[in-house]
Amino acid sequence: MNNYGLDIWSNNNFIVEDGQLKLNYKSMPSLLQIIEEIRSNDVRGPILLRFPHLIKRQIKSLYSYFDKAMNENSYKGKFNAVFPLKVNQFPHAVEAITSQGAQFNYGLEAGSKAELILAMSKTPIGANITVNGFKDKEMITLGFIAAQSGHNITITIEGLGELETIIEVAKECNLKVPHIGIRVRLHSAGSGIWAKSGGMDAKFGLTSTEIIEAIKLLREDNLLQHLSMIHFHIGSQMSDIAPLKRALREAGNIYAELKKMGAEALDSINIGGGLAVEYNQHTHSKSRNYSVEEFSSSVVFLLKEIMDAKKVQHPNIFTESGRFIVASHAVLITPVLELFTQDYQEKLINFKEVNPPLINELIDLNKLLNNKNCIEYLHDALDHMESILTLFDLGYIDLQDRSNAEILVHNIIKKALYLTSSNPTNELEELQVRLQERYLINASIFQSLPDYWGLNQHFPIMPLHNLNSVPLRAASLWDITCDSDGEIGFNPEKPLYLHDVNLDEEEYYLGFFNVGAYQETLGMNHNLFTHPSEYTIHVNDSGYEITNEVESKNILDILESIGYEKNEILNKLKTDLSSSEFITEKEKDDTLAKLQIFLKQNGYLRTTY
Ligand SMILES: *Cc1c(COP(=O)(O)O)cnc(C)c1O
């Protein structure tokens, strides 16, 4: 049995029961059942499922651990969280965050003009909006408009130039001034592969000299009463908690110093995001060395310690965790279309009347292989194969002989693996790896797992069913793009074993987990494969409800989205077909009708499965 590391990455969100993967919530539907229901409406290709209850779970856990830590430490400040839109701006993800977060007054963070407009239209009045990233005068004016419209908005400056612009806008218009935040440049850097946001050479933030200058400017222009927050973000997916603690000490002391310098309205520290997600599905390496509980109690404890020592009121704590909040809520499900070792079938052997002696020996080895001799016979077979390949290169045997030999040797290895499967040697394990089966999945890695392609970020992968039989095939996954990078290769250190399935008789679905953060907007339309069809699943006590269907774009829409004229393409296809020869008018009409149907479907493959 293989549980695919469920106990490591799934946080009890899923369980295996009766050989199927099920949601560990309320009526506990199996993912297979949900997928089959969706596909019964003729939906084909990859499917993205969103589970809002998993967002709620993350939000609740963040709030309850901070509440607990604040209570235990008699901490006086409040805890607030905003969701950074760059992590997932898709409407049904944002809708799930704002609805599941409503009771916590959950806010949104924006890093660009478009995100700010989205935040202004989706944040309930009273919840927080924070704005980070580089800003021009227009974007800063948008912040004033948001404040004027009643939003609780903080614009965090990334440099003195932005502060000067804020001062300019405040002078020029009569709109309400938003809260002002300062992003501090820390000398301590983060950890993990995304840790480029902290440190002296960081892209963002003010140095201590610039912070002093900022206070001076704010005071001169009578805006110091709007400075409410200092902010830092040490990078995403922090693998280690130590750099966060260093950053907190630094930022905490900066905060206390600013209070002493007369920044009276300053009342919040925003610790950014970076809380890591467990993507690992193998026991020997973990994605992070801390729990959410340790994270929250470290933050609260350290800030209290610093403030008490400097006799400064405890600040409110803001977080901008993105990955941690949404990664688990989305699951990508892809059908397997084909397995690529079927070509080594014994029935394809075509012996000659007189075979080369080495082939005759392979025939005997294949026939006589048993429990006792299998290792020895396997070695002989591998040895013969080497010789046969050399003979082929030298021109002594032909392609048919080579093919026969490959099938025989493949068979011998398979039998040996089977006979030793309860107790495999290292050598056999290695062979297993070399004989990996390629599973063709109806999806694009570029579109749906761009961080795998770009950063080699591993996502947990497992079948949705067949989970009460032992998976024996070392698997690599091929996507349907015609790009050799569209492959998740077999990795002996993080092996994926899948089941031997006969796709003519059964379907086989793979789930890719924790794909709810960053993957969707980073995904690209390579080969013109677009976003998978997506659905929101609300699980209740008696079953589940499928809502918010967004079908993957159809072929004409894909072409239109990159600038082609739909009608021009359609008309050209029609005219060419109509003016063609050698088929009847009826056949033309039928073909046209067929074409119309094809063009209204998405670009993923439509085999039976
Ligand atoms: C990207 C970003 C975040 C979110 O980081 P996660 O690792 O997804 O939690 C938070 N704050 C800022 C300023 C960011 O740029």
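Owing to the predicted nature of the structure, the values given are computational and were not obtained by experimental measurement.

Each value, and the rule that gives it
Throughout, a residue's number is its position along its own chain's written sequence, starting from 1. Only residues with pLDDT of at least 70 are given local features in this predicted model, and only at 80 or more are side-chain atom pairs given and counted; all residues enter the totals for whole chains, interfaces and linings. Neither water nor hydrogens contribute to the side-chain values; these are computed over all heavy atoms in the structure. Axis angles are defined between N-to-C directions and span 0 to 180 degrees, where every axis is a line fitted to C-alpha atoms and, for a helix, only to the segment in contact. Secondary structure follows DSSP: runs of H or I at least 4 residues long count as helices, runs of E at least 2 residues long count as strands, and numbering of each begins at the N terminus. Orientation labels follow simple angle bins: below 35 degrees gives roughly parallel, above 145 gives roughly antiparallel, 65 to 115 gives roughly perpendicular, and whatever is left gives oblique. By convention the crossing between two helices is left-handed if the near helix lies anticlockwise of the far one by an angle smaller than a right angle, and right-handed if it lies clockwise. Contacts are assigned to residue pairs with any non-hydrogen atoms lying within 4.5 Å of each other. When residue character is reported, Ala, Val, Leu, Ile, Met, Phe, Trp, Tyr, Cys and Pro are called nonpolar, Asp, Glu, Lys and Arg charged, and the others, Gly included, polar. Residues are classed as near a molecule or strand on a simple rule: at least one heavy atom within 4 Å of it. Here a polar contact means two N or O atoms within 3.5 Å. Within protein one must be a hydrogen donor candidate and the other an acceptor candidate, and residues neighboring in sequence count only if both atoms are side-chain atoms. Computed with a 1.4 Å probe, the accessible areas rest on the Shrake-Rupley method; for each residue, only the protein chains presented here act as cover. Here, strands pair whenever DSSP counts at least two bridges between them. Centres within 6.5 Å are what make two rings of Phe, Tyr or Trp a pair, Trp counting through its six-membered ring; a difference in plane orientation under 30 degrees is then read as stacked, over 60 as edge-to-face, and the rest as tilted. For each residue, the accessible area found with a 1.4 Å probe, counting protein chains only, is set against the maximum for its type, and the residue is called buried under 20%, exposed over 50%, and partly exposed in between. Every case where a carboxyl oxygen of Asp or Glu lies within 4 Å of a side-chain nitrogen of Lys or Arg is listed as a salt bridge. Domain start and end points were adopted from an automatic or database domain assignment.

> Just give me the short version of the packing of helix H12 (residues 357-368) against helix H14 (residues 399-419), but keep the residues and values in it.
Two numbers describe how H12 lies on H14: the axes approach to 10 Å, and their chain directions differ by 25 degrees. As the angle between them shows, H12 and H14 are arranged roughly parallel. The handedness of the crossing between H12 and H14 is left-handed. Across the interface between the two elements, Ile359, Leu362, Ile363, Leu365 and Asn366 of H12 pack against Asp401, Asn404, Ala405, Leu408, Val409, Asn411, Ile412 and Lys415 of H14. Each residue belonging to the contact of H12 with H14 can be placed in one class, and the counts come to 8 nonpolar, 3 polar and 2 charged.

> So what's going on with the site of the ligand? Which residues, and what values?
Around the ligand, a shell composed of 16 residues is seen, among which Lys86, Ser236, Glu320, Gly322 and Tyr518 lie nearest. Tyr518 is positioned with one of its side-chain polar atoms (N or O) 2.7 Å from an oxygen atom of the ligand. Protein burial of the ligand: of its 390 Å² of free accessible surface, 93% is covered by the chains. Class assignment of the residues belonging to the shell around the ligand gives a composition of 3 nonpolar, 9 polar and 4 charged.

> Could you give an account of the packing of H12 against helix H13 (residues 374-393), naming the residues involved and the relevant values?
The geometry of H12 relative to H13 is characterised by a closest axis approach of 10 Å and an angle of 155 degrees between their N-to-C directions. In terms of axis orientation, H12 runs roughly antiparallel to H13. At the point where H12 passes H13, the crossing takes the left-handed sense. In this structure, H12 uses Leu358, Ile359, Glu361, Leu362, Leu365 and Leu368 to contact H13, whose residues at the interface are Tyr377, Asp380, Ala381, His384, Ser387, Ile388 and Leu391. Counted by class, the contact of H12 with H13 contains 9 nonpolar, 2 polar and 2 charged residues.

> How would you summarise the sheet that holds strand E5 (residues 107-110) if you had to cite specific residues and measurements?
Taken together, 8 strands build a closed barrel; the order of strands is E4-E5-E6-E7-E8-E9-E10-E11 and the barrel is parallel. Between one strand axis and the next, the sheet turns by 25 degrees as a mean value, whatever way the strands run. In this fold helix H7 (residues 160-172) packs onto strand E7 (152-157) and strand E8 (179-183), with an angle of close to 135 degrees to the strand it touches most, E7.

> Outline the packing of aromatic side chains, listing residues and values.
Evaluated as defined, the whole model comprises 16 aromatic pairs. A centroid spacing of 6.2 Å and a plane angle of 40 degrees characterise the contact between Tyr439 and Tyr508, whose relative ring orientation is tilted. Here Tyr439, found in strand E13 (residues 437-441), pairs with Tyr508, found in the loop between strand E17 (497-498) and strand E18 (509-512); they are 69 residues apart in sequence, far enough to count as distant. Side by side, Tyr439 and Tyr508 carry an identical accessibility label, which is buried. Here a set of aromatic residues connected by ring pairs shows up, and it is made of Tyr63, Phe66, Phe79, Phe104, Tyr106, Tyr290 and Phe295.

> Please provide a residue-by-residue account of the side chain of Ser298, values included.
Turning to its location among the elements, Ser298 is positioned in helix H10 (residues 292-309). Taking the relative accessible area as the measure of exposure, Ser298 reaches 8% and is therefore buried. Among the polar contacts listed, one links the side chain of Ser298 to the backbone oxygen of Glu294, at a separation of 2.7 Å. When near neighbours in sequence (up to four residues on either side) are disregarded, Ser298 contacts Ile241, Lys245 and Leu248.

> Help me get a handle on the pattern of salt bridges, residues and values and all.
Per the counting criterion, the structure on display carries 27 salt bridges. Ionic pairing is found between Glu293 and Lys68, a salt bridge with its closest N-O pair at 2.4 Å. A residue pair is termed long-range when its members are at least 10 positions apart, and Glu293 in helix H10 and Lys68 in helix H3 (residues 52-72) qualify at 225 residues. With a relative accessible area of 34%, Glu293 lands in the partly exposed category. Residue Lys137 pairs with Glu168 through a salt bridge whose shortest N-O separation is 3.0 Å. One end of the pair, Lys137, is in helix H6 (residues 137-148); the other, Glu168, is in helix H7, and 31 residues separate them in sequence. Since its relative accessible area comes to 32%, Lys137 is described here as partly exposed.

> Lay out the domain arrangement of the protein chain in plain terms, naming residues and giving numbers.
Once the domains are mapped, the protein chain shows domain 1 (52-329), domain 2 (342-433) and domain 3 (556-599). On a C-alpha basis, the centres of domain 1 and domain 2 stand 62 Å from each other.

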